[in-house]
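Here's the letter readout for the chains.
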Amino acid sequence: MRVGAAVVAMEVAALALATLSFGLVALVVGTPVLLATVLVLVGLWVSRRPLRRLQERRAAGFDEDGPERGGLMSGFFEVPTA
């Protein structure tokens, strides 16, 4: 999200500089480009939300101090205690 905010900030700065240099004509091209960038960033942010929730859920269920998670034959080769 920080990179997206930086991209939008640089675009706003470039649009302001172009407006000062070329006048209001620069807004005809710059404003749709800025809006398209914002829409793409919002679309990416919304599409990544389910993945973030899944990663948070998986991280919450993982206990580092607990027993190791077994594989296919988990518990098959257990050493008997005395």
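A.B. asks: Teacher, can you tell me more about the overall build of the protein here?
C.D. replies: When you go through the protein residue by residue, the secondary structure sums to two helices and zero strands. Out of the 82 residues in the protein, the part that is buried amounts to 9%. Here the protein has roughly 7,400 Å² of accessible surface; of this, 69% comes from carbon and sulfur atoms.

A.B. asks: I keep staring at the packing of helix H1 (residues 2–22) against helix H2 (residues 25–61) and nothing clicks. Help me out?
C.D. replies: Angle between the axes and distance between the axes are the two parameters that describe a pair of packed helices. Look at H1 against H2: their axes get within 9 Å of each other, and the N-to-C directions meet at 175°. Considering their axes alone, H1 and H2 lie roughly antiparallel with respect to each other. Residues Gly-4, Val-7, Val-8, Glu-11, Val-12, Leu-15, Ala-18, Thr-19 and Phe-22 of H1 lie in contact with H2, whose contacting residues are Val-25, Ala-26, Leu-27, Gly-30, Thr-31, Val-33, Leu-34, Thr-37, Val-38 and Leu-41.

A.B. asks: Sorry, what's going on with H1 here?
C.D. replies: Spacing of three or four residues puts side chains on the same side of an α-helix, whose turn is 3.6 residues. If you check H1, its first and last C-alpha atoms are 30 Å apart, about what 21 residues at 1.5 Å a residue would give, namely 30 Å. Along H1, the positions that sit buried rather than exposed are Gly-4, Glu-11 and Leu-15. Along H1, the residues classed as buried sweep out an arc of 40° about the axis, all on the same side. Away from the buried face of H1 by more than 90 degrees, exposed residues Arg-2, Val-3, Met-10, Leu-17 and Leu-20 are located. For H1, the secondary structure elements touched by its buried residues are H2. The positive-phi residue at the C-terminal boundary of H1 is Gly-23, with phi of around 90°.

A.B. asks: Would you explain the UniProt feature "transmembrane region" (unreviewed entry) in the protein in this entry?
C.D. replies: The feature "transmembrane region" (unreviewed entry), as given by UniProt, occupies residues 24–47 in the numbering adopted here. The span residues 24–47 carries 96% helix and 0% strand; its end-to-end C-alpha distance comes to 35 Å.

A.B. asks: It is not clear to me how the side chain of Glu-11 should be interpreted in this structure. Could you clarify?
C.D. replies: Along the polypeptide, Glu-11 turns up in helix H1. It is Arg-2 that comes nearest to the buried, bridge-free Glu-11 among opposite-charge side chains, at 18 Å. Once residues within four sequence positions are removed from consideration, Glu-11 is found in contact with Val-33, Leu-34 and Thr-37.

A.B. asks: For this particular structure, what's the right way to read a positive patch on the surface?
C.D. replies: A cluster of like positive charges, contributed by Arg-48, Arg-49, Arg-52, Arg-53, Arg-57 and Arg-58, occupies part of the molecular surface. If you trace the backbone, Arg-49 turns up in helix H2.

Conventions and cut-offs
Residues numbered from 1 in each chain as written. Predicted model: local features only at pLDDT ≥ 70, side-chain atom pairs only at ≥ 80, totals over all residues. Heavy atoms only, no water. Helix = DSSP H or I, 4+ residues; strand = E, 2+ residues; numbered from the N terminus. Buried < 20%, exposed > 50% of the residue type's maximum accessible area, 1.4 Å probe, protein only. Areas by Shrake-Rupley, 256 points an atom, 1.4 Å probe, with all protein chains shown as cover. Axes fitted to C-alpha atoms, helices over the stretch in contact; angles between N-to-C directions. Parallel < 35°, antiparallel > 145°, perpendicular 65-115°, else oblique. Contact = heavy atoms within 4.5 Å. Expected span 1.5 Å × (residues − 1). Arc of directions from axis to C-beta. UniProt positions renumbered as here; feature names shortened; annotations may be inferred. Lys, Arg positive; Asp, Glu negative; His and termini not counted. Salt bridge = Lys/Arg side-chain N within 4 Å of Asp/Glu carboxyl O. Patch = residues over 30% accessible without salt bridge, like charges linked within 9 Å, V, L, I, M, F, W, Y side chains within 5 Å. Charge placed at Lys NZ, Arg CZ, Asp CG, Glu CD.

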